[in-house]
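# Structure at a glance
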Amino acid sequence: MSGRRKGRKVAPPRFRSRKDSRQAVRFTANARFKVLDNGRLRLPKIGDLEVRWSRELPAAPTSVTVIRDAVGRHFASFVVQTADQLLPELDSEVGIDLGLTHFAVMSDGTKVTAPKFLRRAARKLRRLQQGLSRKQRGSNNRKKAVRKVARAHAKVADTRWDWQHKLSTQIIRDNQAVFVEDLCVTGLARTRLAKSVHDAGWSQFAAMLEYKAARYGRTFARVDRFFPSTRMCSDCGRINDKMALNVRTWGCPCGSLHDRDVNAAKNIRAAGRADLNDRRAQIRPAPVPAPRREAVTRRELAPSGV
């Protein structure tokens, strides 16, 4: 807080409150929770709870975290120990250029249109926010309006989460190595494109690619954000002058005509290959932290496949 440390400024610690929209409680093995044969979850001092299971547990859980979100939904997150599910090796490698008009442009020319989930739900969110502002503070109607707004935002977040999971899994399964640009999302979020940047969710998508690559035995690497992937010709390597954002195609003096995003994706793939060769990277990358939504009791005991 004094400002003498390197990095971003930090704020004072915020203590937990019963009024927080997100509440969580964790039960370890010492608490003697149990998954019953009938599919229910037995928690101490709470009892047997009905659970709608999203998947079968691959091993006996070491802890469980019960989470209640702002909408009032409850989730049970288990910590289990599993082995990595290695996929057959492939020869294909891909570089990905992340953007706003097209969420992802691959080095092979594939373009994925940005879904813009928040923009599509903006009208409904605006109406619900206006209704919330008219409710009297402390009233039951205001609590209902808060829950409606939270439910609308949760739907947007869940839809984006599901869509990015499916896209990242497909990319990891189809390619042996995946390279992306290390974007400064925090800096871009301070510009006039802040709403679109947050709606895209680049950091979340890159994190999915990273831990899924470690889980399935793929290679994942980030290219330096200062690498001139857009201005460099992918054919001759010439670095041209800066271009405005509205310039989508440009020609190099060598005679090559480039699509701005596809050319950047090709350069990202080439830079990722060169960086891995310099560092003599292995096919199996280093372990990465578990996804943010998964609870871990002790980080040193959590394998890369958790």
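Treat the numbers as computed from the prediction; the structure is a model and nothing was measured.

Moving on, we get to the overall build of the chain. When helices and strands are tallied, the chain shows seven helices and 13 strands. The buried share among the 306 residues of the chain stands at 36%. Taking as baseline every contact in the chain between residues at least 6 positions apart, the subset at least 24 positions apart corresponds to 61%. Within the structure as shown, the chain displays about 20,500 Å² of accessible surface, and the carbon and sulfur contribution to it stands at 49%. Here the chain carries 64 positive and 28 negative side-chain charges, and the mean point of each set is 13 Å from the other.

Looking now at the sheet that holds strand 1 (residues 23-28). On the basis of which strands lie adjacent, the open sheet formed by three strands has the order 1-5-6 and antiparallel pairing. Each having just a single partner strand, strand 1 and strand 6 (74-79) make up the two edges of the open sheet. Within this sheet the neighbouring strands show an average axis-to-axis angle of 15°, counted without direction. Two elements, strand 5 (residues 63-68) and strand 6, share six bridges in a ladder whose sense is antiparallel. From the neighbouring strand, Val 64 faces strand 6, where its bridge partner is Phe 78.

So, about helix 2 (residues 122-133). Here helix 2 contains twelve residues, and its C-alpha end-to-end distance of 16 Å stays within 8% of the 16 Å for a straight helix at 1.5 Å per residue. Within helix 2 the residues assigned to the buried category are Ala 122, Leu 125, Leu 128, Gly 131 and Leu 132. On its buried face, helix 2 is in contact with helix 1 (117-120) and helix 3 (140-174).

On to the packing of helix 2 against helix 3. Interhelical geometry of helix 2 versus helix 3 gives an angle of 160° and a closest axis separation of 9 Å. Here helix 2 is positioned roughly antiparallel relative to helix 3, judged by the angle of their axes. Note on packing geometry: the crossing formed by helix 2 with helix 3 is left-handed. Contacts between helix 2 and helix 3 involve Leu 125, Leu 128, Gln 129 and Leu 132 from the former and Arg 142, Ala 145, Val 146, Lys 148, Val 149, Ala 152 and His 153 from the latter. Partitioned by chemical class, the residues of the contact of helix 2 with helix 3 number seven nonpolar, two polar and two charged.

Phi angles above zero are rare outside glycine, and Lys 45 is one such case at about 65°. Mapping Lys 45 onto the fold places it in the loop between strand 3 (41-43) and strand 4 (47-49). Note on Lys 45: relative accessible area 91%, which makes it exposed. Its identity as a non-glycine residue notwithstanding, Lys 116 has a phi of 55°, on the positive side. The topology assignment puts Lys 116 in the loop between strand 9 (111-113) and helix 1.

A separate point is the layout of surface pockets. Rolling a probe over the atoms, with the probe sized like a water molecule, indicates the empty space that remains. In this structure, the second largest pocket occupies an estimated 1,300 Å³ of space. Lining the second largest pocket are 41 residues; nearest its centre among them are Leu 98, Leu 183, Leu 188, Leu 245 and Arg 260. Among the secondary structure elements, those contributing two or more residues to the lining of the second largest pocket are strand 7 (93-98), strand 8 (102-106), helix 1, helix 3, helix 4 (185-188), helix 5 (194-200) and helix 7 (260-279). Of the residues that constitute the lining of the second largest pocket, the class distribution is 20 nonpolar, nine polar and twelve charged.

Another point: the confidence of the model for the chain. Confidence along the chain averages 86 in pLDDT terms, with 90% of residues attaining 70 or more. Here residues 280-286 is modelled with pLDDT under 50, and outside its nearest four sequence neighbours on either side it reaches 14 contacts, counting other chains as well. A low-confidence stretch, residues 295-299 (pLDDT under 50), is modelled with 13 contacts involving residues beyond four sequence positions or located in other chains.

Calculation criteria
Residues numbered from 1 in each chain as written. Predicted model: local features only at pLDDT ≥ 70, side-chain atom pairs only at ≥ 80, totals over all residues. Heavy atoms only, no water. Helix = DSSP H or I, 4+ residues; strand = E, 2+ residues; numbered from the N terminus. Buried < 20%, exposed > 50% of the residue type's maximum accessible area, 1.4 Å probe, protein only. Contact = heavy atoms within 4.5 Å. Areas by Shrake-Rupley, 256 points an atom, 1.4 Å probe, with all protein chains shown as cover. Lys, Arg positive; Asp, Glu negative; His and termini not counted. Charge placed at Lys NZ, Arg CZ, Asp CG, Glu CD. Pairing = 2+ DSSP bridges. Axes fitted to C-alpha atoms, helices over the stretch in contact; angles between N-to-C directions. Expected span 1.5 Å × (residues − 1). Parallel < 35°, antiparallel > 145°, perpendicular 65-115°, else oblique. Left-handed = near helix turned anticlockwise from the far one by under 90°. Nonpolar A, V, L, I, M, F, W, Y, C, P; charged D, E, K, R; others polar. 1 Å grid on protein atoms, 1.4 Å probe; cavity = no way out; pocket = protein on both sides within 12 Å on 5 of 7 lines; lining within 4 Å. Points joined across faces, edges and corners; volume = space filled by probe spheres on them. pLDDT = per-residue confidence, 0-100.

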